[in-house]
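# An overview of the molecular structure
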Amino acid sequence: NAGVTQTPKFRILKIGQSMTLQCTQDMNHNYMYWYRQDPGMGLKLIYYSVGAGITDKGEVPNGYNVSRSTTEDFPLRLELAAPSQTSVYFCASRGLAGIGVMETQYFGPGTRLLVL
Amino acid sequence: GNSVTQMEGPVTLSEEAFLTINCTYTATGYPSLFWYVQYPGEGLQLLLKATKADDKGSNKGFEATYRKETTSFHLEKGSVQVSDSAVYFCALVYGGTSYGKLTFGQGTILTVHP
């Protein structure tokens, strides 16, 4: 199993450009998440999904969009890149928890984005 | 809302020293608590977890006990190694309708010297 994979690993964008960060998991997990990590800060949740076709906003959704057309894929879209979106982006997934069970989130290796 | 506070870093230790990284939380109800570790250039990996009060999570020589009375989940290791150099994150998830969303502390950088 590859687990959670993310592409690209690193990207430089100019202000106003758009791009999509790709995330794929091969564990058949229902839940998927996008976080951003800024220097000296913990991870902040951008968007999450509880299954194909269902997404919802997290703590810092402004400037981003997501879609979930399949169980495996959860792309994150930046429409008009801004310097404030310079960060490291992590995708994560988690299976369904049973009663009294707290499932673990599995993280991808991250995408480092620089907006200039 | 829920929040997690970790001790200020960075932390620098010599090999075989004792490690403590403090973590306290604010949450309604009874959250589950986690420690994640991030090695240089990699994503986060689960180090250990505890799901109810007085539970002790342990892995790779690291331990943390869920203390409801002090709302704490401090990470400890008796003898650190150079390979333990990483960033450590304390996190919580609240059950119910939270859909497993994690709330993270700011992270603590640990550097271990030979």
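For the structure, check the block above.
Now for a description of the structure that goes with this document. (Residues numbered from 1 in each chain as written. Chains lettered and ligands numbered in written order. Predicted model: local features only at pLDDT ≥ 70, side-chain atom pairs only at ≥ 80, totals over all residues. Heavy atoms only, no water.)

What follows is about the environment of Asn-62 of chain A. Structurally, Asn-62 of chain A can be placed in the loop between strand S6 (54-57) and strand S7 (64-66). Along the primary structure Asn-62 of chain A and Trp-34 of chain A are separated by 28 residues, whereas in three dimensions their C-alpha atoms are 13 Å apart. (Helix = DSSP H or I, 4+ residues; strand = E, 2+ residues; numbered from the N terminus.)

In this assembly, 19 residues from chain A lie in contact with 19 residues from chain B. Contact between chain A and chain B buries roughly 1,600 Å² in total, counting both sides, with carbon and sulfur atoms accounting for 62%. Remark: the boundary between chain A and chain B carries zero salt bridges. For the pair chain A and chain B, the interface holds three residue pairs in polar contact (both at pLDDT 80 or more). Mapped onto the side of chain A that touches chain B, the elements with two or more residues apiece are strand S4 (31-37), strand S5 (43-51) and strand S9 (87-94) of chain A. Residues belonging to the side of chain A that touches chain B are distributed by class as follows: twelve nonpolar, six polar and one charged. (Contact = heavy atoms within 4.5 Å. Buried area = accessible area lost by both parts, 1.4 Å probe. Salt bridge = Lys/Arg side-chain N within 4 Å of Asp/Glu carboxyl O. Polar contact = N/O pair within 3.5 Å; in protein donor to acceptor, adjacent residues only side chain to side chain. Nonpolar A, V, L, I, M, F, W, Y, C, P; charged D, E, K, R; others polar.)

Residue and element names in this part refer to chain A. Of note, Ser-49 is situated in strand S5. Take Ser-49: its relative accessible area is 1%, and that puts it in the buried class. At a separation of 2.7 Å, a polar atom in the side chain of Ser-49 contacts the side chain of Arg-68. With residues near it in sequence (within four places) discarded, Ser-49 still touches Asn-30, Tyr-31, Met-32, Ile-54, Thr-55, Arg-68 and Phe-74. (Buried < 20%, exposed > 50% of the residue type's maximum accessible area, 1.4 Å probe, protein only.)

Our next topic: the packing of aromatic side chains. Any aromatic ring pair is given by two values, namely how distant the centres are and how the planes are angled relative to each other. Per the stated rule, a full pass over the model turns up eleven aromatic pairs over all chains. Summarising the aromatic geometry, the rings of Tyr-35 of chain A and Phe-104 of chain B are spaced 5.6 Å apart at their centres and angled 90 degrees between planes, so their arrangement reads as edge-to-face. Note that Tyr-35 of chain A is positioned in strand S4 and Phe-104 of chain B in strand S11 (residues 103-104), a pairing that runs across two chains. On the basis of relative accessibility, which here comes to 0%, the residue Tyr-35 of chain A falls in the buried class. Accessibility expressed as a relative area gives 8% for Phe-104 of chain B, which makes it buried. Plain terms: the ring middles of Phe-107 of chain A and Phe-104 of chain B are 6.2 Å apart, the flat faces sit at 75 degrees to each other, and that makes the pair edge-to-face. Remark: Phe-104 of chain B occurs in strand S11 and Phe-107 of chain A occurs in strand S10 (residues 106-107); the pair is interchain, linking two chains. Like Phe-104 of chain B, Phe-107 of chain A is buried. (Phe/Tyr/Trp six-rings, centres within 6.5 Å; stacked < 30°, edge-to-face > 60°.)

Residue and element names in this part refer to chain A. If you trace the four strands from one edge of the open sheet to the other, you get S1-S3-S8-S7, paired in antiparallel fashion. At either end of the open sheet lies a strand with only one pairing partner, and these are strand S1 (4-7) and S7. Adjacent strand axes in the sheet meet at a mean angle of 20 degrees, parallel and antiparallel pairs treated alike. Where strand S3 (residues 19-25) and strand S8 (residues 76-78) come together, three bridges link them in antiparallel fashion. If you follow Met-19 over to S8, its bridge partner there is Leu-78. (Pairing = 2+ DSSP bridges. Axes fitted to C-alpha atoms, helices over the stretch in contact; angles between N-to-C directions.)

This brings us to unusual backbone geometry. The step from Thr-7 of chain A to Pro-8 of chain A runs through a cis peptide bond, and the omega angle for that step is -5 degrees. Take Pro-8 of chain A: it is sitting in the loop between S1 and strand S2 (10-13). In this model, Asn-28 of chain A sits at a positive phi of 60 degrees, which is unusual for a non-glycine residue. Here Asn-28 of chain A lies in the loop between S3 and S4. Overall, the relative accessible area of 58% leaves Asn-28 of chain A in the exposed class. The phi torsion at Glu-16 of chain B lies on the positive side, around 75 degrees, for a residue other than glycine. Structurally, Glu-16 of chain B can be placed in the loop between strand S2 (11-14) and strand S3 (19-21).

Read these as geometric descriptors, not functional statements.
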